[in-house]
Amino acid sequence: MDASSSELKAPVLPEPILPSQPKTMKDFQEDVEKVKSSGDWKAVHGFYLTTFDSFPELNATFKKDATASFNTIEDSGINTKFVNAVYDALLNTPQDIQKTVLKGIINSLLREWKGPRTKDDLRAYFILLQNPQFNNTSTYVIYAHLLRQIATLVEADHHFLVHWFKKLSQKRFKQLVERLLQFISLRLFPAKPEEFPPIAKCSWWIPSASKVLALLNTANNLVQPPLIPYTDFYNSTLDHIDLMEEYHTWQSFGNSHRFSFCQYPFVISIAAKKIIIQRDSEQQMISIARQSLVDKVSRRQRPDMNMLFLNMKVRRTHLVSDSLDELTRKRADLKKKLKVTFVGEAGLDMGGLTKEWFLLLIRQIFHPDYGMFTYHKDSHCHWFSSFKCDNYSEFRLVGILMGLAVYNSITLDIRFPPCCYKKLLSPPVVPSDQNIPVGICSVTIDDLCQIMPELAHGLSELISYEGNVEEDFYSTFQVFQEEFGIIKSYNLKPGGDKIPVTNQNRKEYVQLYTDFLLNKSIYKQFAAFYYGFHSVCASNALMLLRPEEVEILVCGSPELDMYALQRSTQYDGYAKTDLTIRYFWDVVLGFPLDLQKKLLHFTTGSDRVPVGGMADLNFKISKNETSTNWLPVAHTCFNQLCLPPYKSKKDLKQKLIIGISNSEGFGLE
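Conventions adopted
Residues numbered from 1 in each chain as written. Predicted model: local features only at pLDDT ≥ 70, side-chain atom pairs only at ≥ 80, totals over all residues. Heavy atoms only, no water. Core = buried A, V, L, I, M, F, W, Y, C linked by side-chain atoms within 4.5 Å. Buried < 20%, exposed > 50% of the residue type's maximum accessible area, 1.4 Å probe, protein only. Helix = DSSP H or I, 4+ residues; strand = E, 2+ residues; numbered from the N terminus. Contact = heavy atoms within 4.5 Å. Pairing = 2+ DSSP bridges. Phe/Tyr/Trp six-rings, centres within 6.5 Å; stacked < 30°, edge-to-face > 60°. Axes fitted to C-alpha atoms, helices over the stretch in contact; angles between N-to-C directions. Parallel < 35°, antiparallel > 145°, perpendicular 65-115°, else oblique. Nonpolar A, V, L, I, M, F, W, Y, C, P; charged D, E, K, R; others polar. UniProt positions renumbered as here; feature names shortened; annotations may be inferred. Domains from an automatic or database assignment. Salt bridge = Lys/Arg side-chain N within 4 Å of Asp/Glu carboxyl O.

### Considerations on the nonpolar core
Right, so step 1: Grouped together as the largest cluster of nonpolar side chains are 170 residues, with contacts concentrated most on Tyr 48, Phe 165 and Trp 357.
Right, so step 2: Per-element tally for this core: the top contributor is helix 15 (residues 393-407), with 10 residues.
Right, so step 3: Excluding residues that lie within four positions of it along the chain, Tyr 48 makes contacts with Phe 28, Val 86, Ala 89, Leu 90, Thr 93, Ile 97 and Val 101.
Right, so step 4: If you look at the next biggest cluster of nonpolar residues, it comprises 27 residues, including Trp 585, Phe 591, Leu 641 and Leu 656.

This is how it looks when you write it as structure tokens:
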């Protein structure tokens, strides 16, 4: 079995004679129970010997009805409980029975195929893939051949398997994913290399496993909510390979015959993707800075270190307009390292001024009085204002800010709904044809619910209303919006003001209404935002990202690990064994989540964590040699907490809660 497929040719095996009355699940379970008293495995051995002898035998045993065809994608026709019972019992059987099963699988895989696969063949693959014996590295050669046969099936067959996979229980589905991830990891970094054939002879192992994982990933995405979180497909082993080589291979060969893990981005962790994006960004930064230097030298001008950076000079009193002017003027420099100077203030930007610029700018732009974004209290997020204006350049500025944040590894305190990031990747690379619309994606009432839950609830009630919609609601295919005190109407479709909403067309009305609110009414605003973001993050690496991952890159992760923060905290004026510090961590680790988030927001300007985890915050606690009657002070630009040497845990807790609960900080509402 360790040979290549050309060496796997075998004579056509005769079709086995199907048992006239295969054992039922009850018969099997009774046989297993009898073993406990008799110690005689003969009947159980016979069952495994017959069942796993061939694909037809597998179908004869596990099909709900041996005579039915079950040719639909929704029902595999397999008795799942029986399959689970047989596999759960298998690992507790003697070794000779387990070897019998593997021999039967080898014979089935060696069979020479004539013509296309039947649905019974697909059922057999579906059953064999769930075999727990494939957790053991000694079975990997057989497992690899099973994976290759599944991977090389035609697309129509994959379609069936995907829909059957999504019907598995969460537990069984997760086991399949974990088994495949382990297979890839151990082929990349084998504990005992001699266990496997030479890599040259089995270069197809990992591509085959990745393809089958892709089928499972597709199945997972078809279910709402998904069977398992998308992060369960991450293979952390890949964090230790040469990711840039993978990326460059993918860039050069795309999805052709040359394998790269970038063809299957769902297995690459967000931390690894961030490394790819950062390295790609750095290479672009270096390339642009080098070109600036060459141009200067070729003109016989004296090189200036400032040419290597995107230098922003802004006045605090004109922050938005100055920033917009600087970024417009220096559009060619957007991919250089960012450095900020506040006019009239001394100080070198070692990272603190850059972060302060982001914080102040975001705070000002997202203020309700500014009118660019509307804050929705029910969903705690911002959405684009649909008011028409003459110039959308400030929306472009927000897009540039988000792009610069990703480019310069700054976490922003922005609250956009998930739908925003889906639109931002539509498409992930800016089209060369300016007439192609951007930022338009398919939206559902679930997307609307994440922004305007009350409105979404009302539309859901309209869909499920059991009375006469036309007579009771008296609505048309029209939307009314208030703009600067004037009510304006918009037709959802041509002649919409004359088309009544009825029981028959209400779903169309809800879809068009949702599309109007999330796509059409804000198209110009979002397009400017989209172009701003992509003017900085013009990288094919964005094609590797899910919308949720873009959000984490921009805003950080909501998952807090305060123990990790404790381990990575630096001290100035204190030692980690000092009584005040011990009091501090006793109090903070005992805080409920909302207070822990307030502490993080108070000290860093955001209640979320960078992709690299708490260690990337560079959190510092400094001794504040002031009266212990004073509250703690924070320098958000440096992620620094200045803590007076409080004498008791009670006093520290009281002052800390007052400080973090009553400070406006730089956060949004």
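Moving on from the model shown.
### A look at the pairing of strand 8 (residues 620-623)
Right, so step 1: Pairing of strand 7 (residues 570-572) with strand 8, which is carried by 3 bridges, proceeds in the parallel orientation. In the strand pairing of strand 8, Asp 572 is matched with Ser 622.
Right, so step 2: With 4 bridges connecting them, strand 8 and strand 10 (residues 640-643) associate as parallel partners. Bridged to Ile 621 within strand 10 is Leu 641.

### Some words on the packing of aromatic side chains
Right, so step 1: Going through the model one piece at a time under the given rule, you end up with 47 aromatic pairs.
Right, so step 2: Arranged with centres 5.7 Å apart and planes meeting at 70°, the rings of Phe 416 and Phe 529 form a pair that is edge-to-face. On the criterion of sequence distance, the pair formed by Phe 416 in the loop between helix 15 and helix 16 (418-424) and Phe 529 in helix 21 (residues 523-536) is long-range, its members being 113 residues apart. Residue Phe 416 shares its accessibility class with Phe 529, and that shared class is buried.
Right, so step 3: Put simply, the rings of Phe 366, Phe 373, Trp 383, Phe 384, Tyr 392, Phe 395, Phe 416, Phe 526 and Phe 529 touch in pairs and so form one group of aromatic residues.

### Comments concerning the packing of helix 3 (residues 55-62) against helix 6 (residues 119-128)
Right, so step 1: Relative orientation of the contacting elements helix 3 and helix 6 amounts to 80°, with a least axis distance of 9 Å. Our classification of the angle between helix 3 and helix 6 gives roughly perpendicular. Packed against helix 3, whose contacting residues are Phe 55, Leu 58, Asn 59 and Phe 62, the element helix 6 presents Asp 120, Asp 121, Arg 123, Ala 124, Tyr 125, Ile 127 and Leu 128 at the interface.
Right, so step 2: Looking at side-chain class alone, the contact of helix 3 with helix 6 contains 7 nonpolar, 1 polar and 3 charged residues.

### Considerations on the environment of Ile 487
Right, so step 1: Its location among the elements puts Ile 487 in strand 6 (residues 486-491).
Right, so step 2: Ignoring anything within four residues of it in the chain, the contact list for Ile 487 reads Phe 480, Gln 481 and Glu 482.

### Structural notes on the UniProt feature "active site" (unreviewed entry) in the protein chain
Right, so step 1: What UniProt calls "active site" (unreviewed entry) maps, in this numbering, to Cys 637.
Right, so step 2: As for its placement among the helices and strands, Cys 637 is situated in the loop between strand 9 (633-635) and strand 10.
Right, so step 3: For Cys 637, a relative accessible area of 15% corresponds to the buried category.

### Structural notes on the domain arrangement of the protein chain
Right, so step 1: As assigned here, the protein chain comprises domain 1 (25-233) and domain 2 (562-662).
Right, so step 2: The distance between the C-alpha centroids of domain 1 and domain 2 comes to 52 Å.

### Things to note about the pattern of salt bridges
Right, so step 1: Counted according to the given criterion, the structure contains 24 salt bridges.
Right, so step 2: As a salt-bridge pair, Glu 74 and Lys 167 come within 3.2 Å of each other at their nearest N and O atoms. In this pair, Glu 74 sits in the loop between helix 3 and helix 4 (80-90) while Lys 167 sits in the loop between helix 8 (155-165) and helix 9 (170-188), placing the two residues 93 residues apart along the sequence.
Right, so step 3: What makes Glu 74 partly exposed here is its relative accessible area of 40%.
Right, so step 4: Residue Lys 167 is classed as partly exposed on the basis of its relative accessible area, which comes to 49%.
Right, so step 5: Residue Asp 515 is joined to Lys 520 by a salt bridge in which the shortest nitrogen-to-oxygen separation is 3.6 Å.
Right, so step 6: Overall, the relative accessible area of 17% leaves Asp 515 in the buried class.
Right, so step 7: Residue Lys 520 is classed as exposed on the basis of its relative accessible area of 52%.

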